[in-house]
Amino acid sequence: MPIKSYLVHPILGKKEELMTALKGFGQCEVLPAENQNVLVLVTDTQDEKEEEILKEKIEALSSLKLLALVSGFNTPQ
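Residues numbered from 1 in each chain as written. Predicted model: local features only at pLDDT ≥ 70, side-chain atom pairs only at ≥ 80, totals over all residues. Heavy atoms only, no water.

Caption draft 1: Region of the structure containing the nonpolar core. Counting 15 residues, the largest nonpolar core has V8, L22, L41 and I58 as its most contacted members. Elements represented by at least two residues in this core include exactly β1 (2–10), α1 (15–23), β2 (28–32), β3 (39–44), α2 (48–59) and β4 (64–74). Looking at this core element by element, the count peaks at three residues for α1. When near neighbours in sequence (up to four residues on either side) are disregarded, L41 contacts K4, S5, Y6, V8, L22, C28, E29, V30, I58 and L67. (Core = buried A, V, L, I, M, F, W, Y, C linked by side-chain atoms within 4.5 Å. Buried < 20%, exposed > 50% of the residue type's maximum accessible area, 1.4 Å probe, protein only. Helix = DSSP H or I, 4+ residues; strand = E, 2+ residues; numbered from the N terminus. Contact = heavy atoms within 4.5 Å.)

The structure is reproduced here in structure tokens:
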């Protein structure tokens, strides 16, 4: 099971919109930074294929400016 963490930079003024969209994906946990225009995103998917599909959905969001992978690892099933 891949678990990955990202720093997510929204388009200026779209932080809340992006956070709402990310929370709509079942495999995501979103934490907003209090003093910066950035979100921390943790994804937990069943396999690499599901992770790649989720990443493509996230990258298609119009309120997203930049998605930066911070850490990732796989746990045995």
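There's more to say after this.
Caption draft 2: Structural view of the pairing of β1. Of the strand pairs in this sheet, β1 and β4 are connected by nine bridges, and their pairing is antiparallel. Paired with K4 across the bridge in β4 is G72. (Pairing = 2+ DSSP bridges.)

Caption draft 3: Layout of the side chain of K4. Within the fold, K4 resides in strand β1. For K4, a relative accessible area of 18% translates into the label buried. In contact with K4, other than residues within four places in its own chain, are L41, V42, T43, E48, E51, L69, S71 and G72.

Caption draft 4: How the structure looks around α2. Between the first and last C-alpha of α2 there are 16 Å, a value that for twelve residues agrees with the 16 Å anticipated at 1.5 Å per step. Between the side-chain oxygen of the N-cap and the backbone nitrogen of K49 there are 3.3 Å, and the N-cap of α2 in question is D47. (Expected span 1.5 Å × (residues − 1). Polar contact = N/O pair within 3.5 Å; in protein donor to acceptor, adjacent residues only side chain to side chain.)

Caption draft 5: Summary view of the environment of S71. Structurally, S71 is set in strand β4. The class for S71 is partly exposed, based on a relative accessible area of 36%. S71 sits 60 residues away from I11 along the chain, and the two C-alpha atoms are 23 Å apart. Discounting chain neighbours no more than four positions away, the residues touching S71 are I3, K4 and S5.

Caption draft 6: Highlighting the side chain of K15. Structurally, K15 is set in helix α1. Among the polar contacts listed, one links the side chain of K15 to the backbone oxygen of A33, at a separation of 2.8 Å.

Caption draft 7: Summary view of the sheet that holds β2. Across the sheet, which stays open at both edges, the four strands sit in the order β2-β3-β1-β4 with antiparallel pairing between neighbours. Where the open sheet ends on each side, the last strands, each with one partner, are β2 and β4. On average, each strand axis in the sheet is tilted by 20° relative to the strand beside it, whichever way the strands run. Bridging between β2 and β3 involves five bridges; their strand directions are antiparallel. Within β3, the residue paired with P32 across the bridge is L39. Along the sheet, α1 makes contact with β1, β2, β3 and β4, crossing β2 at roughly 155°. (Axes fitted to C-alpha atoms, helices over the stretch in contact; angles between N-to-C directions.)

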